[in-house]
Amino acid sequence: KDYQQLILIKRMVQDLNFPIEIVSCPIVRESDGLAMSSRNLYLSEEERRAATILYKSLQLAEEMVEGGEGNLDLVKKEVSKMISREPLARIDYVEIVHPHTLEPVSSLKGEAVLLLAVYIGQTRLIDNVILREKKDEKTGNA
């Protein structure tokens, strides 16, 4: 669930020429979509329910992009708006970045990564989703 850490470790292994293969895997989620984390234990029952807003907001971003939205500033704004409607949530950051450089991007060219850090009560939770440019079904081009 920590995409930034994954990219930094991959870069470090490459830069230092370590003979190590870093293998990423999909995020493991609870049945309601919350990314599994030891931090989830710090959430009260009410906070745990509120924390599902992270996954819901990631799904919103995916739906927007799959629907053809290429303006990532708008996607980011809508995700932030959705999270902000949850009274127990306090956004640390919502960013959409290039998948390799982690530099912010405002338009979608291929892939981008939506990164979230949100406090639910006193607990800081992180999550992410890879956003993929919609392909033309007829040509297969983005």
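Residues numbered from 1 in each chain as written. Predicted model: local features only at pLDDT ≥ 70, side-chain atom pairs only at ≥ 80, totals over all residues. Heavy atoms only, no water.

Undergrad: Give me the pairing of strand β2 (residues 111–120): which residues, what numbers.
TA: Burial of β2 is extensive: eight of the ten residues sit out of reach of the surface. The sheet contact formed by strand β1 (residues 89–97) and β2 spans eight bridges and is antiparallel. Among the inter-strand pairings, Ile96 is bridged to a residue of β2, identified as Leu114. In terms of strand pairing, β2 meets strand β3 (residues 123–132) through ten bridges, oriented antiparallel. (Buried < 20%, exposed > 50% of the residue type's maximum accessible area, 1.4 Å probe, protein only. Helix = DSSP H or I, 4+ residues; strand = E, 2+ residues; numbered from the N terminus. Pairing = 2+ DSSP bridges.)

Undergrad: Account for the sheet that holds β1, with residues named and values stated.
TA: Spatial strand order, β1-β2-β3: three strands in an open sheet with antiparallel pairing. Looking at strand neighbours, the two that pair on one side only are β1 and β3, the edges of this open sheet. Sheet twist, expressed as the average angle between the axes of neighbouring strands with direction ignored, equals 15°. Docked against the sheet, helix α3 (residues 53–66) engages β2 and β3, running at close to 15° with respect to β3. (Axes fitted to C-alpha atoms, helices over the stretch in contact; angles between N-to-C directions. Contact = heavy atoms within 4.5 Å.)

Undergrad: Any chance you could break down the nonpolar core for me, citing the residues and the numbers?
TA: One finds Leu114 and Ile120 to be the most contacted residues of the largest nonpolar core, which totals 27 residues. Every element with two or more residues in this core is listed here: α3, α4 (72–84), β1, β2 and β3. With six residues, α3 is the single largest residue contributor to this core. Not counting residues within four places of it along the chain, the set of residues in contact with Leu114 comprises Leu58, Ala61, Val79, Val94, Glu95, Ile96, Asp127, Asn128, Val129 and Leu131. (Core = buried A, V, L, I, M, F, W, Y, C linked by side-chain atoms within 4.5 Å.)

Undergrad: An account of the environment of Leu108 is needed here, citing residue identities and associated values.
TA: Note that Leu108 resides in the loop between β1 and β2. Taking the relative accessible area as the measure of exposure, Leu108 reaches 9% and is therefore buried. If we skip the residues at most four places from it in the chain, Leu108 touches Val65, Gly70, Leu72, Leu131, Arg132 and Glu133.

Undergrad: Kindly report on the pattern of salt bridges, identifying the contributing residues and their values.
TA: This model, assessed by the stated rule, comprises seven salt bridges. Of the charged contacts in the structure, one is a salt bridge between Arg124 and Asp92, with a shortest N-O distance of 2.8 Å. Remark: Asp92 occurs in strand β1 and Arg124 occurs in strand β3; sequence separation between them is 32 residues. The exposure class of Arg124 is partly exposed, given its relative accessible area of 26%. (Salt bridge = Lys/Arg side-chain N within 4 Å of Asp/Glu carboxyl O.)

Undergrad: Can you explain α3? Please cite residues and give values.
TA: In this model, α3 (14 residues) spans 20 Å end to end at C-alpha, consistent with the 20 Å of a helix rising 1.5 Å per residue. Of the surrounding secondary structure, the elements contacted by the buried residues of α3 are α2 (45–50), α4, β2 and β3. Count one or two residues on from α3 and you reach Gly68, which has phi positive near 105°. (Expected span 1.5 Å × (residues − 1).)

Undergrad: Could you give an account of the environment of Ala51, with specific residues and numbers?
TA: Mapped onto the elements, Ala51 comes out in the loop between α2 and α3. With a relative accessible area of 0%, Ala51 lands in the buried category. Residues Ala51 and Asn40, spaced eleven residues apart in sequence, show a C-alpha to C-alpha distance of 8.9 Å. Not counting residues up to four positions away in its chain, the partners in contact with Ala51 are Leu34, Leu43, Ile120 and Leu125.

Undergrad: Describe the packing of α3 against α4, and please don't skip the residues or the numbers.
TA: The contact between α3 and α4 brings their axes to 9 Å, and the two run at 155°. On the basis of the axis angle, α3 is roughly antiparallel to α4. α3 and α4 meet at a crossing whose hand is right-handed. Along its contact with α3, which presents Ile53, Lys56, Ser57, Leu60, Ala61, Met64 and Val65, the element α4 presents Leu72, Leu74, Val75, Glu78, Val79, Met82 and Ile83. The residue makeup of the contact of α3 with α4, split by class, is eleven nonpolar, one polar and two charged. (Parallel < 35°, antiparallel > 145°, perpendicular 65-115°, else oblique. Left-handed = near helix turned anticlockwise from the far one by under 90°. Nonpolar A, V, L, I, M, F, W, Y, C, P; charged D, E, K, R; others polar.)

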